[in-house]
Amino acid sequence: MKLKQRFDEIMESPTFQHSTHPIIIAEKAFGAMTDYVVSQSYKNIIMIVDENTYKAAGKEVEDYLNETNSKLSIHCLQCNDKGDIIADEQTIVDVLIQVQPETDCLLAVGSGTIHDIVRFVSAKIGKPFISLPTAPSVDGFNSKGAPIIIKGVKTTYQTVAPVALFADVTILSQAPAPLIAAGFGDMIGKHTSLVDWKAGALIAGEAYDQDIADLTREAMEACIDVAEKIGQGDIEGIEVLMKGLVLSGIAMASFGASHPASGAEHHLSHYWEMRFIEDGHKQLFHGAKIGRSTLLIMNYYKQMVKPSLEKDPTEQNLRLVELIDSLPDVAKVEKDLRLAGWNPDHVQIDEELIQLSLLKAYHLRDRWTLLRYYHETLHWGPDL
């Protein structure tokens, strides 16, 4: 079944619970956004952008909303001295200050970081927000999870999903190629996140839902099928990628946590991000890091974890071996990433940090992964 048909089915399915409706991914989607704003009687709106996302889509959104009776105020987030916008305490307070008692709705115009900031603020003030992605870069646009840096530590808070999402595929296809490749990298990470999710269920009886796992895998495989078109910025490929990212967000929202789409590969990425902030380095795109960390985790599971499991061939450990064996060949996954425009040169992480993250990153989340099982049960015992 083609992804478009599957996507339409999911939008109407009672099986997969999601709070975002409508979700419009099409050309001229902002026209539908204007109709939605009018239908909801939003009169006082704050649009959150940065300099680049205002140019990419914010100005067009402003023009559309000027045709309504809504009062629009625009707040442009400022980059730090490294050229990054960070979802941290300072930026959150900056947005909170813009909110007035009469504010009806917030608009998140941008990629992942802007959405994380706006969804956190939206949850705190009890005001809805609308998602307007400018690049198909992450799978968190319509999720409830907001990864926020608090006192230097990245923590994912369960907040709120957008009430609606409008993505213009023409704008998405014009996004910088590394951002598009990052979105594909985020989808490729489902190879290991799905294995870790199932492993957590086997190891510790953590909650698991096969229908949601199947949906996540289906979304990932649809993106892999059009990897070359995604790398070419072809609108058809970009539409599939964006719908795959949204379906991944629906999977997380339906499950109530990020397990379907976030395993050890995300823990490594978060660890790297925290160290980059601590050391004052410019941040790398989230999905680009996920592409790199997925390759690393796959290799680690095949070369380190699997042999340790086989040394103690209990029924559980043999089932975990089967999970590792279900992972595709690492070279094939890297080829898919490169077809979509991903390049390891864009994710330069020194070897010392990589090794440290493989040892320590699993501490960032209180959930079981094969990485945690290896360190705490198979290998040395808990890392202190």
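Placed above this text is the structure.
Here is what the cut-offs are and how they apply
Residues numbered from 1 in each chain as written. Predicted model: local features only at pLDDT ≥ 70, side-chain atom pairs only at ≥ 80, totals over all residues. Heavy atoms only, no water. Helix = DSSP H or I, 4+ residues; strand = E, 2+ residues; numbered from the N terminus. Rg over C-alpha atoms; globule rule 2.2 N^0.38 Å. Buried < 20%, exposed > 50% of the residue type's maximum accessible area, 1.4 Å probe, protein only. Contact = heavy atoms within 4.5 Å. Areas by Shrake-Rupley, 256 points an atom, 1.4 Å probe, with all protein chains shown as cover. Salt bridge = Lys/Arg side-chain N within 4 Å of Asp/Glu carboxyl O. Phe/Tyr/Trp six-rings, centres within 6.5 Å; stacked < 30°, edge-to-face > 60°. Lys NZ or Arg CZ within 6 Å of the ring centre and 35° of its normal. Pairing = 2+ DSSP bridges. Right-handed = clockwise from strand over helix to strand, strands pointing away.

Asks: Quick question: what am I supposed to make of the overall build of the protein here?
Replies: The helix and strand tally for the protein stands at 17 helices and 8 strands. Computed over its C-alpha atoms, the radius of gyration of the protein comes to 20 Å, within 12% of the 21 Å expected for a compact globule of 384 residues. A principal-axis box enclosing the C-alpha atoms of the protein has dimensions of 70 × 45 × 35 Å. Residues counted as buried form 56% of the 384 residues belonging to the protein. At a minimum sequence separation of 6, the contacts of the protein that also span at least 24 residues come to 76%. Per element, the accessible surface of the protein, about 16,000 Å² overall, is 49% carbon and sulfur.

Asks: Could you clarify how one ought to interpret the pattern of salt bridges in this entry?
Replies: Close approach of charged atoms allows side chains with opposite charge to pair. A full pass over the atoms with the stated rule returns 18 salt bridges. Between Glu51 and Lys55 there is a salt bridge, with the nearest N and O atoms lying 3.6 Å from each other. Within this pair, Glu51 and its partner Lys55 are both found in helix 3 (residues 51-65), separated by 4 residues, close to a single helical turn. Here Lys55 falls in the exposed class, since its relative accessible area comes to 62%.

Asks: Looking at this structure, how should I read the packing of aromatic side chains?
Replies: By convention here, two paired aromatic rings are described through the distance between centres and the angle between planes. Scanning the entire structure with this criterion turns up 8 aromatic pairs. Centroid distance Phe120 to Tyr157: 5.5 Å. Interplanar angle 75 degrees. Geometry classified as edge-to-face. Residue Phe120 is found in helix 5 (residues 112-125), and its partner Tyr157 is found in strand 7 (residues 153-158); the two are separated by 37 residues along the sequence. Here Phe120 falls in the buried class, since its relative accessible area comes to 12%. Between the aromatic rings of Trp368 and Tyr373, the centroid separation amounts to 6.5 Å while the plane-to-plane angle is 70 degrees, which identifies the pairing as edge-to-face. Owing to a relative accessible area of 7%, Tyr373 belongs among the buried residues under this scheme. Grouped by ring-pair contacts, the aromatic residues Tyr36, Tyr42 and Phe166 constitute a single cluster. Across from the ring centre of Tyr208, 4.6 Å away, lies the NZ or CZ of Lys198, which sits over that ring. Across the ring face of Trp368, the terminal group of Arg372 is positioned such that the distance to the ring centre comes to 3.8 Å.

Asks: It is not clear to me how the pairing of strand 5 (residues 129-133) should be interpreted in this structure. Could you clarify?
Replies: If a strand is regular, its side chains alternate between the two faces of the sheet. Here strand 5 lies mainly inside the structure; 5 of its 5 residues are buried. Residues Phe129, Ser131 and Pro133 of strand 5 are buried on one face, and the alternating residues Ile130 and Leu132, pointing to the opposite face, are buried as well. As paired strands, strand 4 (residues 105-110) and strand 5 are joined by 5 bridges and run parallel to one another. Each residue of the ladder has a partner; that of Gly110, found in strand 5, is Pro133. A crossover links strand 4 with its parallel partner strand 5, the connecting element being helix 5, and its sense is right-handed. Note that strand 5 and strand 8 (residues 164-168) share 2 bridges and pair parallel. By the bridge assignment, Ile130 is partnered in strand 8 with Ala164.

Asks: Whenever I open this one, the environment of Ala264 confuses me. Can you help?
Replies: Among the structural elements, Ala264 can be located in helix 12 (residues 264-279). Along the backbone, Ala264 and Asp50 are 214 residues apart, and their C-alpha atoms lie at a distance of 31 Å. Those residues in contact with Ala264 that sit more than four places away from it in its chain are Asp196, Ile297, Tyr301, Thr369 and Leu371.

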